[in-house]
Amino acid sequence: MSEKEASLLLDTDLDVSRLSPEITEHEAYPALISAIQAASADNRNVALLTSRIEALKEEGGELLKKVLDAIR
């Protein structure tokens, strides 16, 4: 994930009601949302968000793309 994508996630008021069930019902969704919320709470720490998402990369990579597409 690029810094631009991480910043987009952090600078967006994520309205989960706009996300499709395909996204919200995905197995990795709770962990991804938790990583986003934790990074926001920790002074919008992009490095922390990036490292947590990298840990979810295999499972969450496609899900992350869908979330980014949904909030753009």
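Details of the structure are given in the entry above.
Residues numbered from 1 in each chain as written. Predicted model: local features only at pLDDT ≥ 70, side-chain atom pairs only at ≥ 80, totals over all residues. Heavy atoms only, no water.

**Student:** I would appreciate a short explanation of the overall build of the protein chain in the present structure.
**Tutor:** Secondary structure summary: the protein chain contains 5 helices and 0 strands in total. Each helix and strand of the protein chain, placed in order from N terminus to C terminus, yields the pattern α-α-α-α-α. By residue count, 29% of the 72 residues in the protein chain fall in the buried class. Of the contacts formed within the protein chain by residues at least 6 apart in sequence, a portion of 75% connects residues at least 24 apart. As displayed, the protein chain offers around 4500 Å² of accessible surface, 48% of which is attributable to carbon and sulfur atoms. (Helix = DSSP H or I, 4+ residues; strand = E, 2+ residues; numbered from the N terminus. Buried < 20%, exposed > 50% of the residue type's maximum accessible area, 1.4 Å probe, protein only. Contact = heavy atoms within 4.5 Å. Areas by Shrake-Rupley, 256 points an atom, 1.4 Å probe, with all protein chains shown as cover.)

**Student:** I tried to follow the nonpolar core on my own but got confused; where do I start?
**Tutor:** One broad trend across soluble globular proteins is that nonpolar side chains are buried collectively. Ile 23, Tyr 29, Leu 32 and Leu 63 are the most contacted members of the largest nonpolar core, which totals 15 residues. Secondary-structure elements contributing two or more residues to this core are helix H3 (29-41), helix H4 (46-55) and helix H5 (57-71). With residues up to four places along the chain from it excluded, the contact list for Leu 63 reads Ile 23, His 26, Ala 28, Tyr 29 and Leu 32. (Core = buried A, V, L, I, M, F, W, Y, C linked by side-chain atoms within 4.5 Å.)

**Student:** Could you clarify how one ought to interpret the environment of Glu 22 in this entry?
**Tutor:** Position of Glu 22 among the secondary structure elements: in helix H2 (residues 21-24). On the basis of relative accessible area, Glu 22 is assigned to the exposed category, the value being 52%. Between the alpha carbons of Glu 22 and Leu 63 there is a distance of 8.8 Å; along the sequence they are 41 residues apart. Separated by 2.4 Å, the side chains of Glu 22 and Lys 66 make a polar contact. (Polar contact = N/O pair within 3.5 Å; in protein donor to acceptor, adjacent residues only side chain to side chain.)

**Student:** Whenever I open this one, the pattern of salt bridges confuses me. Can you help?
**Tutor:** Where charged atoms from two side chains of opposite charge come close, those side chains can pair. Using the criterion set out here, one finds 2 salt bridges in the structure. Residue Glu 22 pairs with Lys 66 through a salt bridge whose shortest N-O separation is 2.4 Å. Of this pair, Glu 22 sits in helix H2 while Lys 66 sits in helix H5, placing them 44 residues apart in sequence. The residue Glu 62 makes a salt bridge to Lys 65 at a minimum N-O spacing of 3.3 Å. You can see Glu 62 and its partner Lys 65 sitting in helix H5, 3 residues apart, about one turn around the helix. A relative accessible area of 47% means that Lys 65 is categorised as partly exposed. (Salt bridge = Lys/Arg side-chain N within 4 Å of Asp/Glu carboxyl O.)

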